[in-house]
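Below are the chains, spelled out letter by letter.
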Amino acid sequence: MTDPRSSDPGSLSAARPPRLAEAFLTRLLPAADREVLRAELTELYQVRVESRGRRLADRWYWRQLWAFGAAALRRPWEVEAMGTFTQQLRQSFRALRRAPAFTVTAILTLALGIGATVAVFSVVNGVLLQALPYPGADRLVMVFTDSPPNRWNFSVADYLTLEEQQTVFEDFGARMYRQMTYNGNGVAERVLTAHVTPSYLTTLGVAPSLGRVFTPGEGEPRAPLAVIVSHGFWKTRMGGDPAAVERSIRLDGRAHRVVGVMPPGVGPLEGATADLWPVLQLEPPTRKGPFFLRVVGRLEPGVSREAAVAELRQINAEMFPVWADSYADQRARWGAISAMDWVVGDVRPALLVLFGGAIFVLLIAATNVANLVVSRATVRSRELAVRSALGASGLRLAVFQITETLLVAVVGGALGLVLAQVGVDVLTGLAPTTLPRMGEIGIDPSVLGFATLTALGSGLLLGLVPSFGLGRRDTTRSLHSGTRGASTGGASRIRNLLVAAQFAVALPLLMGAGLLVGSFANLLDVDPGFDPGRIVSFQLSLPAARYPEATDADAFWSRLEGELAALPGVDAVGLNSSRPPSNLNEHNNFALAIRRTPPGESDPGAAWLAVDRGFFEALQVPLITGRLHDRDNPVPGALVVDQRWVQKHVPPGMDPLGLRLVSGSCTAQAEPEPPCMWQTVVGVVGSVKYTGLDREDDDGAVYFAQPTSGYRNLFVFIGGERVSLTLMPQVREVVQRLDPELAVAGTAGGQELLTASVARPRYLMTLFSVFAFLALTLAAVGIYGVMSYFVSQHTRDIGIRVALGGQRTEVMTMVVARGLRLAVVGVAFGVAAAYVLSRFLEDLLFGVSATDAATFAVIVAVLTAVAAAACWLPARRATRVDPMVALRTD
Amino acid sequence: MGKNVLGEFEHQVLLAILRLGSESYSVPIVLELEERTGRDVAPAKVYIALRRLEEKGLLESRMSDGEPQQGSRTRRYFALTDEGMDRLRESRQTLMRLWEGVAPALDRS
């Protein structure tokens, strides 16, 4: 090894220190000695390369960054020049006020990006991040019968067995949602009820703000009925009277004693969704079914969900033989998921995709501002050079720069928060009612923290951008160059990079929006199986107290249909226990006579619907083969099925007519005995959607005759060429006349039913499109700004070119091509990014692939066209350059 | 630290310059210190010490454009001022007095 001190420095290895470290380090060095120090550090670095090797030398060099950084903060060369923080702030403030165009544009752009991101974050926060609003909510789990893909409810038999044997839950309870008719103040109305066991309330840890919870005794069969009312119900229907507790109210014709009033906003798990909480009394079961209970458990402290599931399976396996004759599905096991997952359900991916979209908008907005900052720094390079010449170090200039962008970001962030508040109102206002936890969304401390971090982070990063972009400032050159300041190669490189990046970020967003729009269009194209233009429908529920026998109910329905059919313009009136296209109330298992389900396997299932002949007539569902139910005298056991059912359950080529089947709990029995009996397919009708337009693989439908079913809760459908919602007052009149205690609920025309069923995809599509539009606009503004700047910087060159006889179109092409090159590079990266990101969208799309080539092509074309248009404006300005004027400038 | 107190590191830097003589710019100073103390020495620390010693009037510096054949590197060369020399002499005498007679005791332990 040579002794570096005596050797000629020129003979040392010419190793260069790590570039990035050098760039940073240079900025930290005191201005007066910068060049000397840099050279000396390089020399020391080279000595180290010789003596210890490159890797260690590199590491050593990076360490000097810390050493000088710490020294710079502690020590002499800056402190005197830096001034106090307030001075610094005041200085930045003045500088910003002198450049209102920059300041306002930067603030508004950032506010837009931050506002969008914070608004969506507050939704993500409220729905996905915040714990459910119950004490110790992380220990709450939903218990169900797991038979993938279905999660069946518990039956009373299940529930009572669980109660007897379980050791993993501190507490658990069951719930059942229903609708009941409330008769108060002489008016009948439908109310949403959550029937709960007394233990359900203690499991959730909720308590009435007035009155008390249910006593265990009130949960016993045949105990006097008790009810807890929601805060809203108490306020609106009981006048907020504290004496309401202990009063009696009539529900479905039966007296219930009010024992408590819930605090506002408290709901039975899925949010404030119930008006009333009647007590749920469980009769000892005679068979395993029916299954209608949702069970919530609170795990014992220290018991994991996995341990709980293991015990649940154990209990289930043991109880299975007990009920073998009424339930044969051995694949079904008990399972449990966290209450949080249960409530949030399938909303998570959509929300996260939306959040990703918002972050992309923020990225593009920030990139735009970065561009502004860089061009501002370029324009100001003379001012900065003066400061530098006066002794301000790179560090000091960087601090100056960062204070300025931080100031912009903080104001932008504050404004963004205001926008976010508006955004949250819009987001929740537009949200379909089926989205969970919408009531819990708002600007809370976490959201504020997120907004602050976003704003400060943007401010810091934006402040650092020019230091990267401008490279080492050549003080002398900047001072000598024109007033405009020199646009260094570094600055325009970074601006070009930023523009390309914007297009790269915009593309996946537009792609997402394009796919969601296409998917939504596909959804609207789905044939719901009925003609939505000519129907209205509503729901009626007959209280069991006043319609005790099946014949009472049937008599009412037939009188109602008769009266409604007599209304002007009405062609047909029908009944159904479910309502298409996305309201299925009953899904039943069955066994075909031609193919009995082998022991231990799951029966096939299908939508199970009580209808009369009028339903098919009102909705104009075509009869394909066979016949419909008789109007007045339906044959017991005669079934109508739909085409989808035939397709799914009948071997190809076999005539479905005459097929025999048993349903539900009768399937396990070898030879059905009354009340289990063979039923026979007598007709096949067109398929109608009941489980949503996007479900292509539903199980088909089995229609049995309503007039023998004694159903008390049905949807009524009125069909006719000119039937619309304007008919409803007359309909209400008819209902009132027949039974003044009945409440007409859920009124909707066919078109509204379709609209409501696609509310979620429409919501996602709308929001994503808004983001994509913002992104496109911002990217266009970005490229426009850069190309305008390019033209203004090259006025002289263009002038010369024109003076030398260059064609104006040539100039134009040159400018546009230059801009387009940036956009195309960005788009290319964007396509790659979109391809990678597409898998996040896959599950949210219907009938379109996440990598759909046509959508890609359209989006690429749109982006390129927008870029071309944005470049065209400055290009046109370039062609108008007067050579004489251009040459005289500068 | 008062203006007239010499820190240990400053002391070491002065000694290194004394030893290096006319070759005293920061690179050899750092290397000299590393060689003598057997530890890595941070250039930032040396730089600060040099500045401080100059402020105290113990050092003076001149810029030199490197000789053309050496690649024209600009360097800041340091030299002890008379005051700096005095201070070193003083501290040496003080230390000698303090050390007088204690060396054997150290060797025993």
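Residues numbered from 1 in each chain as written. Chains lettered and ligands numbered in written order. Predicted model: local features only at pLDDT ≥ 70, side-chain atom pairs only at ≥ 80, totals over all residues.

Asker: I'm lost on the overall build of chain B in this one. Help?
Answerer: Broken down by element type, chain B carries five helices and two strands. Its helices and strands in sequence order give chain B the pattern α-α-α-β-β-α-α, from N to C terminus. Across the 109 residues in chain B, those meeting the buried criterion constitute 28%. A separation of at least 24 residues holds for 44% of the contacts in chain B among residues at least 6 apart in sequence. (Helix = DSSP H or I, 4+ residues; strand = E, 2+ residues; numbered from the N terminus. Buried ≥ 20, exposed ≤ 12 C-beta atoms within 10 Å, placed from the backbone. Contact = placed C-beta atoms within 7 Å.)

Asker: It is not clear to me how the overall build of chain A should be interpreted in this structure. Could you clarify?
Answerer: When its secondary structure is counted, chain A shows 27 helices and 23 strands. Residues classed as buried in chain A amount to 46% of the 890 residues present. Once local pairs closer than 6 in sequence are excluded, the contacts in chain A between residues at least 24 apart make up 84%.

Asker: Explain unusual backbone geometry here, please?
Answerer: It is generally the case that most residues other than glycine have a negative phi and that most peptide bonds are trans. Residue and element names in this part refer to chain A. Pro580 connects to Pro581 through a cis peptide bond whose omega is 5 degrees. For Pro581, the location among the structural elements is in the loop between β14 (572–576) and β15 (587–592). At Asp252, a position not held by glycine, the phi torsion is positive, near 50 degrees. Take Asp252: it is sitting in the loop between β8 (248–251) and β9 (254–261). Even without being glycine, Arg437 reaches a positive phi, approximately 60 degrees. On the secondary structure map, Arg437 appears in the loop between α14 (394–430) and α15 (445–470). Judged by local crowding, Arg437 falls into the buried class, with 20 C-beta atoms found within 10 Å.

Asker: It is not clear to me how helix α18 (residues 550–565) of chain A should be interpreted in this structure. Could you clarify?
Answerer: The periodicity of an α-helix, 3.6 residues per turn, causes residues three or four places apart in sequence to face the same way. All names here are of chain A. Taking 1.5 Å of rise per residue, the 16 residues of α18 would be expected to cover 22 Å, and the 23 Å separating its terminal C-alpha atoms lies within 8% of that figure. All of the buried residues along α18 are Ala553, Trp557, Leu560, Glu561 and Leu564. Angular distribution of buried residues about the axis of α18 spans 100 degrees; they occupy a single face of the element. Turned more than 90 degrees away from the buried face of α18 sit Thr551 and Gly562, all of them exposed. Looking at the buried residues of α18, the elements they touch are β14, α19 (613–619), β22 (713–719) and α21 (728–738). (Expected span 1.5 Å × (residues − 1). Arc of directions from axis to C-beta.)

Asker: Sorry if this is basic, but what is going on with the pairing of strand β21 (residues 701–705) of chain A here?
Answerer: For a regular strand, the rule is simple: side chains alternate between the two faces of the sheet. All names here are of chain A. By the criterion of burial, β21 is predominantly enclosed, with five of the five residues buried. The side-chain alternation of β21 yields two buried faces, one formed by Ala701, Tyr703 and Ala705 and the other by Val702 and Phe704. The sheet contact formed by strand β16 (residues 605–611) and β21 spans five bridges and is parallel. Paired with Ala610 across the strands is Phe704, a residue of β21. The sheet contact formed by strand β18 (residues 638–642) and β21 spans three bridges and is antiparallel. (Pairing = 2+ DSSP bridges.)

Asker: Mind showing me how you'd approach the packing of helix α6 (residues 100–129) of chain A against helix α12 (residues 347–379) of chain A here?
Answerer: A pair of packed helices is characterised by two quantities: the angle between their axes and the separation of those axes. Residue and element names in this part refer to chain A. Packing of α6 against α12 brings their axes to within 9 Å, and their N-to-C directions diverge by 165 degrees. As far as their axial angle goes, α12 and α6 are roughly antiparallel. The handedness of the crossing between α6 and α12 is left-handed. Looking at the contact of α6 with α12 residue by residue, the classes come out as 24 nonpolar, five polar and two charged. (Axes fitted to C-alpha atoms, helices over the stretch in contact; angles between N-to-C directions. Parallel < 35°, antiparallel > 145°, perpendicular 65-115°, else oblique. Left-handed = near helix turned anticlockwise from the far one by under 90°. Nonpolar A, V, L, I, M, F, W, Y, C, P; charged D, E, K, R; others polar.)

Asker: It is not clear to me how the pairing of β22 of chain A should be interpreted in this structure. Could you clarify?
Answerer: Residues and elements named next belong to chain A. Most of β22 sits inside the fold, with six of its seven residues counted as buried. Pairing of strand β13 (residues 535–541) with β22 involves seven bridges; the strand directions are antiparallel. Looking at the pairing, Ile535 lines up with Gly719 of β22.

Asker: I would appreciate a short explanation of the environment of Tyr45 of chain A in the present structure.
Answerer: All names here are of chain A. Mapped onto the secondary structure, Tyr45 falls in helix α2 (residues 34–52). Each C-alpha atom, one on Tyr45 and one on Val684, is 87 Å from the other, the two residues being 639 residues apart in sequence. Apart from residues lying up to four places away in sequence, Tyr45 is in contact with Pro17, Ala57 and Tyr61.

Asker: When you look at the nonpolar core in this model, what are you seeing that I'm missing?
Answerer: Buried together is how nonpolar side chains tend to be arranged in soluble globular proteins. The biggest cluster of nonpolar side chains holds 113 residues, and the ones touching the most others in it are Ala506, Leu510, Ala775 and Ile783 of chain A. The residues touching Ile783 of chain A, leaving out its near neighbours within four places in the chain, are Val499, Gly819, Leu822, Ala823, Ala867, Ala870 and Cys871 of chain A. (Core = buried A, V, L, I, M, F, W, Y, C linked by C-beta atoms within 7 Å.)

Asker: Which parts of the structure should I look at to understand the confidence of the model for chain B?
Answerer: Should pLDDT be low for a region, the predicted coordinates there are not to be read in detail. Summarising the model, chain B shows a mean pLDDT of 82, and 85% of its residues fall at 70 or more. Scored as a complex, the prediction yields pTM 0.71 and ipTM 0.88. (pLDDT = per-residue confidence, 0-100.)

Asker: Would you take a moment to explain the packing of helix α2 (residues 26–37) of chain B against helix α3 (residues 43–55) of chain B for this structure?
Answerer: All names here are of chain B. Running from amino to carboxyl end, α2 crosses α3 at an angle of 115 degrees, the nearest separation of the two axes being 10 Å. Taken together, the axes of α2 and α3 are roughly perpendicular relative to one another. Every pair of crossing elements has a handedness; the one defined by α2 and α3 is right-handed. Seen from α2, the contacting residues are Ser26, Ile29 and Val30; seen from α3, they are Pro43, Val46, Tyr47 and Leu50. Here the residues of the contact of α2 with α3 sort into six nonpolar, one polar and no charged.

Asker: Help me understand the confidence of the model for chain A in this model?
Answerer: Averaged over all residues, the pLDDT of chain A equals 84, while 89% of them reach at least 70. Of the regions scoring below 50 in pLDDT, residues 481–487 of chain A engages in 16 contacts with residues more than four places distant in sequence or in other chains.

Asker: Would you mind showing me how to read the environment of Gly683 of chain A here?
Answerer: Residues and elements named next belong to chain A. Secondary-structure assignment places Gly683 in strand β20 (residues 679–685). C-alpha of Gly683 to C-alpha of Gly658: the two residues are 25 residues apart in sequence and 8.8 Å apart in space. Contact partners of Gly683, with chain neighbours within four places excluded, come to Leu623, Thr625, Gly626, Arg627, Leu628 and Val640.

Asker: What should I look at first to understand the environment of Trp152 of chain A in this one?
Answerer: All names here are of chain A. Topologically, Trp152 is positioned in strand β2 (residues 150–152). For the pair Trp152 and Leu619, spaced 467 residues apart in the sequence, the C-alpha separation amounts to 30 Å. Sequence-distant contacts of Trp152, that is, excluding residues within four places in its chain, are made with Phe144, Thr145, Ser147, Phe291 and Ala332.

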